[in-house]
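# Residue-level structural notes
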Amino acid sequence: MEPEEQWWKGQLAGDIHQALRVKELKLPVYKAHSPQIGLRRYFADLLAILSNRFQLCPTARHLAVYLLDLFMDHYDVAAKQLYVIALSCLLLASKFEEKEDRVPKLEQLNSLGFMSSLHLVLNKRDLLQMELLLLETFNWNLCMPTAAHFIDYYLSGSVHESDLHNGWPLTSVAKTKAFMEKYAHYFLEVSLQDHNFLSFRPSLVAAACITASRICLHISPSLTTHLHLLTGYTWEHLTPCVELMLIAHDNDVKEANKTKGQQSVLQQQTTVQQQHQHQSSPQLLFQQTPYQHLTQNSSSQLVQFHSPLQPQASIQAHRSHVQGRRATIVSGSAGSNYTLQSYPSLQASLQPTVRALPVQGPIAMQVAITTEPRHCITVAYGSNFLSGHHTYTTGCFDR
């Protein structure tokens with residue numbers, strides 16, 4: 001967004017905010033009476049994806065979903081026709097909130113993948129008629145504030161130098177503001193997915209996004225005096241909306257952990273399969289020695305593995321015996337059987353530390369250890385409005 005469009009940083013920010021608060025009092029009442037309310041989440045996600053593809057601003061996205069909610073609340077529309085209505089709402093919202101060069105073109109809409117799969121083709125005449133029907137439904141009034149219209153104004157006062165993080169002063173106000181912005185926009189998208197948030201005023205939803213973000217980031221107090229004066233809301237006003245957001249966040253975290261768990265299981269299975277593949281064709285290699293005399297004994301298939309922790313006397317005796325006889329050195333392949341000859345003088349000292357293992361083939365071993373660090377945010381809700389303990393994964397920033 002251009003600097004001149006950032007009204008929340010200007011001198012008239014307070015007046016514009018007050019005008020939006022007056023506008024939201026005149027918004028139509030949402031009754032959730034649509035017979036297709038079960039499809040509402042799907043089309044809200046579809047509009048969010050399309051707005052991201054066309055790089056539309058959050059206010060255009062939220063206004064498009066709000067127009068679709070109001071239209072579905074008044075009319076019984078076939079499921080296939082909802083695609084055309086959703087695209088018309090997106091066009092009207094982008095024309096109202098965006099610049100002309102950002103408004104999606106008719107050719108771009110017809111080139112979407114779901115349009116061809118549904119055998120839908122938009123033409124200019126039908127699209128204009130649908131836009132006229134929408135405008136008549138809303139009495140030609142598209143100036144409808146959403147939570148996205150308030151969020152930036154409230155973010156401007158969301159973090160202060162006097163705030164505490166886990167009871168300690170903030171180490172970096174700039175980094176805290178960056179995390180606050182990501183969390184607030186996450187909760188803003190959460191409010192877009194559930195029609196139950198339409199029972200609250202848009203300004204209250206935006207204020208709840210800030211409060212829920214401060215709770216998740218362990219910033220205290222969760223609602224400062226400055227935020228109370230800026231938004232005009234108290235704990236009693238914000239508690240129901242904040243609870244819905246935190247519940248939705250918990251569900252997202254559980255789903256993310258479940259997905260990561262499935263990926264971890266698949267990765268472990270892949271590692272085991274690779275180990276089995278290596279074991280099916282193993283190779284046991286011995287370095288070539290300068291001694292060419294090999295002692296072969298086909299009557300025995302035992303290789304004695306000696307413990308490296310042998311008594312010093314036994315080791316010296318073993319070295320003397322080897323130097324005296326220059327005896328057998330082991331070398332072999334998958335088709336030969338070789339043994340190390342035993343030394344009678346060392347039997348007494350080596351017997352406790354010797355294990356006999358049958359070697360049926362060459363041996364290979366592969367150990368794979370995979371670790372994945374996880375950074376979590378542990379949140380304890382105060383008893384003044386919530387009770388419980390939650391652990392949030394910072395991956396929710398990548399939604």
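Just so you know, these numbers come straight off a predicted model, no measurement behind them. (Residues numbered from 1 in each chain as written. Predicted model: local features only at pLDDT ≥ 70, side-chain atom pairs only at ≥ 80, totals over all residues. Heavy atoms only, no water.)

## Comments concerning the overall build of the protein chain
- Each helix and strand in the protein chain was counted, giving 14 helices and seven strands.
- Here the protein chain holds 399 residues, and 37% of them are scored as buried.
- Considering only residue pairs separated by 6 or more positions, the protein chain has 78% of its internal contacts joining residues 24 or more positions apart.
- Roughly 24100 Å² of accessible area belongs to the protein chain as shown, and the carbon and sulfur atoms make up 54% of that amount. (Helix = DSSP H or I, 4+ residues; strand = E, 2+ residues; numbered from the N terminus. Buried < 20%, exposed > 50% of the residue type's maximum accessible area, 1.4 Å probe, protein only. Contact = heavy atoms within 4.5 Å. Areas by Shrake-Rupley, 256 points an atom, 1.4 Å probe, with all protein chains shown as cover.)

## So, the side chain of S51
- Looking at the secondary structure, you find S51 in helix 2 (residues 40-53).
- What S51 contacts, discounting residues up to four positions off in sequence, is L56, R61 and L90.

## Things to note about the confidence of the model for the protein chain
- Looking at the protein chain as a whole, the pLDDT averages 77, with 68% of positions reaching at least 70.
- Confidence drops under pLDDT 50 across residues 282-315; counting only partners more than four residues distant or on other chains, this segment forms 50 contacts.
- Residue range residues 325-399 is modelled with pLDDT below 50. Its contacts to residues more than four positions away, or to other chains, number 136 contacts. (pLDDT = per-residue confidence, 0-100.)

## Structural notes on the packing of aromatic side chains
- Taken as a whole, this structure holds 11 aromatic pairs when the rule is applied.
- Seen in terms of ring centroids, F150 and Y154 are 6.2 Å apart; in terms of plane orientation they differ by 25°. Their pairing is stacked. In this pair, F150 and Y154 are both assigned in helix 8 (residues 147-155), four residues apart and thus about one turn of the helix distant. Y154 shares its class with F150; the two are buried.
- A network of ring pairs unites the aromatic residues W7, W8, F150, Y153 and Y154 as a single cluster. (Phe/Tyr/Trp six-rings, centres within 6.5 Å; stacked < 30°, edge-to-face > 60°.)

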